[in-house]
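Structure assessment
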Amino acid sequence: MGGAPVSGPIPPQVDVLVVGGGLAGHAAALAAAEDGAVVLQVEKQPVTGGSTVLSAGLSAFAGTDEQAEAGVQDSVTLLHDDILATGFHKNDPRLVDLYCSHQAETYRWLKALGVRYGNLHAAAGQSVPRSHPTDTRRMLDLLASRAAELGVQLRTGVRAQHLVREHGRVVGAVLEASGTAVEVRAGSTVLASGGFARDRALLDKFAPQMALALQAGGAGNVGDGLRMAWQLGADVIDTPFIKGTYGIYPLPHDGEHGTGIHAIYKGGIAVNVHGKRFVDESLPYKVVGDANLAQPDGRSVQLFDSRVLRASDAAVPIFDFEGRRDSGILVEADTVEELAAAMGLDVAATAATVAEYNRRIRTGEHDELGRVHLSGGVGEIFPLVEPPFYGHLSGTVVLATYCGLVVDRALRVHDVLGDPIDGLYAAGEIVGGFHGAGYMTGTSIGKAGIFGRLAGRSAAAAASGVPR
Ligand SMILES: Cc1cc2nc3c(=O)[nH]c(=O)nc-3n(C[C@H](O)[C@H](O)[C@H](O)COP(=O)(O)OP(=O)(O)OC[C@H]3O[C@@H](n4cnc5c(N)ncnc54)[C@H](O)[C@@H]3O)c2cc1C
């Protein structure tokens, strides 16, 4: 399939209408169809995929086959505690519980559909390696083809304009296709339209601190679903915690596909134009992203050596250092001084920073910025001594917004007075409350799959009792 355009007549009435063609939408549509619902799924872009297919494809699961094979000791309790710790305990504990109690079955569900996961990685907020990489386009295609077998009608190039509410209940939406507006009646409607990383106006409204940050993510992720729900009084949560991700190459370049790299998590350091480190590089990349925005021009350099380069993994974009070298993004030099000069950094200060970083590791003194590990609580830091040395100019990018609609355990959207809006569900990046004040790698793809599936099931169950 590969996200090919899907056309056809739009049915006037369905059990479940799903808005969005990323992972959350696909999971919701399939789960609703598995429970017997008649489903219409719409995607406003010409092809499905959204941010899901642009992502690094890492899902956070615990207790998996891949972890067992790699000898990784993980547990649902540790996952749970890590998510809360990474979110600075600002997370809605009900949603963290929901994720943790359904992650294993969702992982099995995806694997049963044919989804395969590659080599595990430890990344932001993880006490143990639990980032499971997968080919996200293939994952969506697997979900879509099973959904098609069950009768899900998927339409691309169809935009949900606004929700229709009668007697307090959402009864469908007005869709726009080829310039024509069509009303579709639905027993339940699931908003899975992603976040608003691409909408500068909403970022300025909720996250003015991101003024220097770049923007990435699905081209259609401009907050449509949020605005539709707000029109009906929906509540929103976690907006103060919008963060950017560290590591994107901030200049136009064919080799940058929006993910950046995290050489810092394999042993590199981050230095600003003055040649100074400014953050414990093992912290979650959103925290590093904030610290980076406070540096001159919101930019810095990930500086590393050949030992770090050897940790390159072409299957995981954020660790594909060799790919970046081959595409000409990395600056390479025989000495730290030459590297600093080539990148416009203060040469003497950069050399002194690297020397001091190395000295403290060798002598066992505390790192000046408190760094102990490579990433989170995983891996030992090591001196940067093996030439050639590499530099990656790095900015902060808003990839995803994470904040969003207030939902309950059934993924029903709640209004500003705390009451559910009947007939309206949400899943994926549009949902707030789960991440709290920080983000663990893999929990957004994870959340899209887990909550998408649960939203589809809730929506199907509710629709079956609605007379239309
Ligand atoms: C570069 C990058 C790397 C990332 N890496 C990771 C990672 O490794 N792990 C992780 O957990 N997260 C990662 N993320 C975040 C993650 O990809 C997203 O949060 C997640 O995929 C969101 O899934 P979703 O289904 O909610 O939204 P999306 O996949 O964005 O899908 C939403 C879809 O809804 C459509 N839509 C919007 N409005 C309408 C409308 N009005 N009508 C119809 N359709 C509409 C959009 O066009 C879009 O296709 C990354 C994001 C980016 C950009």
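Rules and cut-offs
Residues numbered from 1 in each chain as written. Predicted model: local features only at pLDDT ≥ 70, side-chain atom pairs only at ≥ 80, totals over all residues. Heavy atoms only, no water. UniProt positions renumbered as here; feature names shortened; annotations may be inferred. Near = heavy atom within 4 Å. Polar contact = N/O pair within 3.5 Å; in protein donor to acceptor, adjacent residues only side chain to side chain. Areas by Shrake-Rupley, 256 points an atom, 1.4 Å probe, with all protein chains shown as cover. Helix = DSSP H or I, 4+ residues; strand = E, 2+ residues; numbered from the N terminus. Nonpolar A, V, L, I, M, F, W, Y, C, P; charged D, E, K, R; others polar. Patch = residues over 30% accessible without salt bridge, like charges linked within 9 Å, V, L, I, M, F, W, Y side chains within 5 Å. Salt bridge = Lys/Arg side-chain N within 4 Å of Asp/Glu carboxyl O. Lys, Arg positive; Asp, Glu negative; His and termini not counted. Charge placed at Lys NZ, Arg CZ, Asp CG, Glu CD. Buried < 20%, exposed > 50% of the residue type's maximum accessible area, 1.4 Å probe, protein only. Pairing = 2+ DSSP bridges. Core = buried A, V, L, I, M, F, W, Y, C linked by side-chain atoms within 4.5 Å. Contact = heavy atoms within 4.5 Å. Expected span 1.5 Å × (residues − 1). Phe/Tyr/Trp six-rings, centres within 6.5 Å; stacked < 30°, edge-to-face > 60°.

In the nomenclature of an unreviewed UniProt entry, the chain is known as FAD-dependent oxidoreductase of Cellulomonas dongxiuzhuiae. UniProt, in the comment section headed Cofactor (unreviewed entry), describes the chain in these words: "FAD".

On to the site of the ligand, then. Taken together, 41 residues are adjacent to the ligand, and Glu43, Thr52, Glu429, Ser444 and Ile445 come closest. Note that an oxygen atom of the ligand is positioned 3.1 Å from one of the side-chain N or O atoms of Tyr439. Within the complex, 98% of the 990 Å² of free accessible area of the ligand lies under protein. For the shell around the ligand, the secondary structure elements donating two or more residues are helix H1 (23-34), strand E2 (39-43), strand E6 (158-166), helix H7 (224-231) and helix H13 (443-464). Residue composition of the shell around the ligand, by class: 15 nonpolar, 21 polar and 5 charged.

According to UniProt, the feature "domain: FAD-dependent oxidoreductase 2 FAD-binding" (unreviewed entry) maps to residues 15-444 in the numbering used here. Secondary structure content for residues 15-444 is 28% helix and 23% strand, while the C-alpha to C-alpha distance between its ends is 27 Å.

Taken together, the side chains of Glu332, Asp334, Glu337 and Glu338 define an acidic patch exposed on the protein surface. Note on placement: Glu338 falls in helix H11 (residues 336-342). Judged by relative accessible area, Glu338 falls into the partly exposed class, the value being 43%.

Right, let's talk about the pairing of strand E20 (residues 420-426) for a bit. Within E20, 5 of the 7 residues are buried, leaving the element largely enclosed by the surrounding structure. Examined bridge by bridge, strand E19 (residues 412-414) and E20 share 2 bridges and lie antiparallel to one another. Looking across to E20, one finds that His414 is bridged to Pro420. The antiparallel hairpin formed by E19 and E20 contains 5 residues in its connecting segment, where Gly418 sits at a positive phi of about 90 degrees.

Of all hydrophobic cores here, the largest spans 91 residues; its most connected members are Val16, Leu175, Leu191 and Phe451. Ranked by the residues each element gives to this core, the list is headed by H13, at 9 residues. The contacts of Leu191, once residues within four sequence positions are left out, are Val19, Leu163, Gly225, Met228, Ala229, Leu405, Leu424, Tyr425, Ala426, Ala427 and Ile430. Core analysis: the second largest hydrophobic core is formed by 46 residues, Ala56, Leu309, Phe319 and Phe382 among them.

In this model, helix H4 (residues 93-112) (20 residues) spans 29 Å end to end at C-alpha, consistent with the 28 Å of a helix rising 1.5 Å per residue. Along H4, the positions that sit buried rather than exposed are Leu95, Val96, Leu98, Tyr99, Cys100, His102, Gln103, Thr106, Tyr107, Trp109, Leu110 and Lys111. At its buried positions, H4 is contacted by H1, strand E3 (58-60), helix H2 (65-69), helix H3 (76-86), helix H5 (136-149) and H13. Directly after H4, the chain includes Gly114, whose backbone phi takes a positive value near 110 degrees.

Position of Asp97 relative to the elements: it lies in helix H4. Using a relative accessible area of 34% as the deciding quantity, one classes Asp97 as partly exposed. For the pair Asp97 and Thr77, spaced 20 residues apart in the sequence, the C-alpha separation amounts to 9.8 Å. Once residues lying within four places of it in the same chain are set aside, the contact partners of Asp97 are His80 and Arg409.

Turning next to the packing of aromatic side chains. Applying the stated criterion across every chain, the model contains 14 aromatic pairs. Centroid distance Tyr265 to Tyr285: 6.2 Å. Interplanar angle 45 degrees. Geometry classified as tilted. Taken as a pair, Tyr265 in the loop between strand E11 (245-248) and strand E12 (269-271) and Tyr285 in helix H8 (residues 285-293) lie far apart in primary sequence, 20 residues in all. A residue is classified by how much of its surface remains accessible, and Tyr265, at 3% relative accessible area, is buried. Residue classification places Tyr285 among the buried positions, given a relative accessible area of 6%. Note on Tyr285 and Tyr439: the rings are 6.1 Å apart at their centroids and 55 degrees apart in plane angle, and the pair reads as tilted. In this pair, Tyr285 is assigned in helix H8 and Tyr439 in the loop between E20 and H13, connecting sequence segments 154 residues apart. Across this residue pair, the class does not change: Tyr285 and Tyr439 are buried. Ring-pair connections join several aromatic residues into one group, and the members of that group are Tyr265, Tyr285, Tyr402 and Tyr439.

What follows is about the pattern of salt bridges. In this structure the tally under the stated criterion is 29 salt bridges. Of the charged contacts, one joins Lys111 and Glu66 as a salt bridge, the two residues approaching to 2.8 Å between their closest N and O atoms. Of the two residues, Lys111 sits in helix H4 while Glu66 sits in helix H2, which places them 45 residues apart along the sequence. The burial state of Lys111 is the same as that of Glu66; both residues are buried. A salt bridge links Asp367 to Arg277, with the shortest nitrogen-to-oxygen separation between them at 2.8 Å. Of the two residues, Asp367 sits in the loop between helix H12 (347-363) and strand E15 (373-375) while Arg277 sits in the loop between E12 and H8, which places them 90 residues apart along the sequence. A single burial state applies to Asp367 and to Arg277, both of which are buried. A single network of salt bridges, built from pairs that share partners, joins Lys44, Arg159, Glu176 and Asp224.

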